[in-house]
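Secondary and tertiary structure notes
The primary structure of each chain is shown beneath.
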Amino acid sequence: MEVAGALSIFQRSQSLYNVRYTKYLGDGDSKAFTSIVENKVYGDHCSVEKLECIGHVMKRMGTRLRRLKTKMRGQKLSDGKPLCGRNRLTEAEIDRLQAYYGLAIRRNLSSVKDMQQAIWAIFLHKLSTDEKPQHGFCPSDSDTWCKFKKAELLGETYHHKNSLPVDVVEAMRPVFRDLANPELLKKSVYMENEQLSDLEKGHVVGPREADWSNRRIGRRLGRSDMVVVRCWQQWIKEQVVLIGIFTTSGKLESDQLGSNELGTVMNWAAIFSNESRFSLNADYQCIRVWKRPGH
């Protein structure tokens with residue numbers, strides 16, 4: 001039913017609304033998306049791109065680690081101990097790693113490279129010891145989540161308490177390698193053009209002028225760091241442009257915007273799901289379009 005419904009909506013989008021849906025946000029094994037691709041609803045010249053729900057991608061970390069626990073049950077690692085147990089890969093530790101993985105994606109929505117670095121920062125952070133700290137990928141600003149980096153900024157000594165045994169972390173390496181794959185992560189980069197309201201822009205500009213970090217402002221607003229960076233850079237650029245205009249002409253001038261051509265087929269991003277809700281993050285400002293039954 002879901003497959004037929006989604007296919008029907010895509011097939012009639014041009015004839016009814018003069019619109020092509022170019023993006024499909026769904027879970028990893030969506031049969032509806034497969035059907036849409038196989039039927040080439042918009043021909044050979046317009047493809048539909050599959051995006052991943054961050055919530056679904058995030059759960060893969062927990063699923064893969066629990067699968068690893070099951071697979072390694074009864075086996076011992078090179079240190080002579082099992083994968084699971086106290087101070088090793090417990091259910092609580094899996095939940096934490098899953099949450100950290102989700103944050104690594106959400107805080108770096110505009111860059112696959114930054115996502116990868118943040119994911120491997122989790123791995124190396126858990127691998128670090130007092131004798132061999134490995135925090136090169138951890139954030140180094142004043143709002144960093146890494147206590148080692150924070151202690152380093154304050155000139156203090158940090159003693160690692162939450163690290164996992166080396167053999168346990170190394171057993172998880174294939175999971176991290178797969179889930180840091182750029183082909184997977186790039187499907188989550190779909191929030192680059194989100195807009196801030198005028199009020200939110202004020203909450204960016206004021207704190208930035210007071211030397212707040214981008215990360216601190218982003219956490220306060222529930223936005224990614226890059227959204228804050230772009231807002232600040234745009235504000236600086238606009239100030240420079242305005243100063244230049246007033247200096248040369250003595251008054252503010254504006255260019256007349258051209259009108260869009262009528263009759264052009266628009267490309268929209270469509271979201272279909274058989275789930276109760278999708279995790280879109282606070283940065284994703286979408287327009288919800290509802291249709292009446294039978295239309």
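Quick caveat, the model's predicted, so the values are computed rather than measured.

What follows covers unusual backbone geometry. Positive phi outside glycine occurs at K40, with the angle close to 45°. Structurally, the position occupied by K40 is in the loop between helix 3 (31–39) and strand 2 (49–52).

It is at 8 Å that the axes of helix 5 (residues 91–106) and helix 6 (residues 112–127) come closest, and there the two elements cross at 150°. Of the possible angle classes, the one that applies to helix 5 and helix 6 is roughly antiparallel. Judged by the twist between their axes, the crossing of helix 5 over helix 6 is right-handed. Taken together, the residues of helix 6 that come into contact with helix 5 (itself represented by E93, L97, Y100, Y101, A104 and I105) are M115, A118, I119, I122 and K126.

Bringing the layout of surface pockets into the picture now. One number sums up the size of the second largest pocket: a volume of about 740 Å³. For the second largest pocket, the lining is made up of 31 residues, of which R107, A121, P139, W145 and C146 are closest to its centre. Those elements that provide at least two residues to the lining of the second largest pocket are helix 5, helix 6, helix 12 (214–221) and helix 13 (225–249). Broken down by element, the residue count for the lining of the second largest pocket peaks at seven residues, all from helix 6. Counted by class, the lining of the second largest pocket contains 13 nonpolar, nine polar and nine charged residues.

Let us look at the environment of P139. When you line up the elements, P139 lands in the loop between helix 6 and helix 7 (147–154). For P139, a relative accessible area of 15% gives the class buried. In sequence terms P139 and A121 are 18 residues apart; their C-alpha atoms lie 8.6 Å from each other. Contact partners of P139, with chain neighbours within four places excluded, come to T144, W145, K149 and R215.

Summarising the element assignment, P174 is placed in helix 9 (residues 173–179). For the pair P174 and R64, spaced 110 residues apart in the sequence, the C-alpha separation amounts to 9.8 Å.

It is worth spelling out the packing of aromatic side chains at this point. Within a pair of aromatic rings, the relevant descriptors are the distance that separates the centres and the angle that separates the planes. Considering all chains together, one arrives at six aromatic pairs under this definition. Ring centres 6.4 Å apart and planes at 80° place the aromatic pair F148 and Y158 in the edge-to-face group. On the criterion of sequence distance, the pair formed by F148 in helix 7 and Y158 in the loop between helix 7 and helix 8 (166–171) is long-range, its members being 10 residues apart. A single burial state applies to F148 and to Y158, both of which are buried. Here a set of aromatic residues connected by ring pairs shows up, and it is made of F10, Y21 and Y42. The ring of W212 is capped by R216, whose NZ or CZ atom sits 3.6 Å from the centre of that ring.

Two side chains carrying opposite charge are able to pair once their charged atoms lie near each other. This model, assessed by the stated rule, comprises 12 salt bridges. Of the charged contacts, one joins R66 and D95 as a salt bridge, the two residues approaching to 2.7 Å between their closest N and O atoms. Note that R66 is positioned in helix 4 (residues 54–71) and D95 in helix 5, a separation of 29 residues in sequence. The partner of K149 in a salt bridge is E152, and the shortest N-O contact between them spans 4.0 Å.

The predicted model of the protein chain averages 76 in pLDDT, with 74% of residues at 70 or higher. Per-residue pLDDT, averaged within each element of the protein chain, yields its smallest value for strand 3 (residues 266–271) (52) and its largest for helix 9 (94). This model gives residues 240–263 a pLDDT under 50, and the stretch forms eight contacts once residues within four places in sequence are excluded. This model gives residues 274–291 a pLDDT under 50, and the stretch forms 43 contacts once residues within four places in sequence are excluded.

It is worth spelling out a positive patch on the surface at this point. Together, K147, K150, K161 and R219 make up a region of like positive charge exposed at the surface. Here K161 shows up in the loop between helix 7 and helix 8. A relative accessible area of 70% means that K161 is categorised as exposed.

With that settled, the discussion passes to helix 4. What sets the pattern is the α-helix's 3.6 residues per turn: residues three or four places apart point alike. Spanning 18 residues, helix 4 covers 26 Å between terminal C-alpha atoms, matching the ideal 26 Å at 1.5 Å per step. The set of residues buried in helix 4 consists of I54, G55, H56, V57, M58, M61, G62, L65, L68 and K69.

The rules behind these values
- Residues numbered from 1 in each chain as written.
- Predicted model: local features only at pLDDT ≥ 70, side-chain atom pairs only at ≥ 80, totals over all residues.
- Heavy atoms only, no water.
- Helix = DSSP H or I, 4+ residues; strand = E, 2+ residues; numbered from the N terminus.
- Axes fitted to C-alpha atoms, helices over the stretch in contact; angles between N-to-C directions.
- Parallel < 35°, antiparallel > 145°, perpendicular 65-115°, else oblique.
- Left-handed = near helix turned anticlockwise from the far one by under 90°.
- Contact = heavy atoms within 4.5 Å.
- 1 Å grid on protein atoms, 1.4 Å probe; cavity = no way out; pocket = protein on both sides within 12 Å on 5 of 7 lines; lining within 4 Å.
- Points joined across faces, edges and corners; volume = space filled by probe spheres on them.
- Nonpolar A, V, L, I, M, F, W, Y, C, P; charged D, E, K, R; others polar.
- Buried < 20%, exposed > 50% of the residue type's maximum accessible area, 1.4 Å probe, protein only.
- Phe/Tyr/Trp six-rings, centres within 6.5 Å; stacked < 30°, edge-to-face > 60°.
- Lys NZ or Arg CZ within 6 Å of the ring centre and 35° of its normal.
- Salt bridge = Lys/Arg side-chain N within 4 Å of Asp/Glu carboxyl O.
- pLDDT = per-residue confidence, 0-100.
- Patch = residues over 30% accessible without salt bridge, like charges linked within 9 Å, V, L, I, M, F, W, Y side chains within 5 Å.
- Areas by Shrake-Rupley, 256 points an atom, 1.4 Å probe, with all protein chains shown as cover.
- Lys, Arg positive; Asp, Glu negative; His and termini not counted.
- Charge placed at Lys NZ, Arg CZ, Asp CG, Glu CD.
- Expected span 1.5 Å × (residues − 1).

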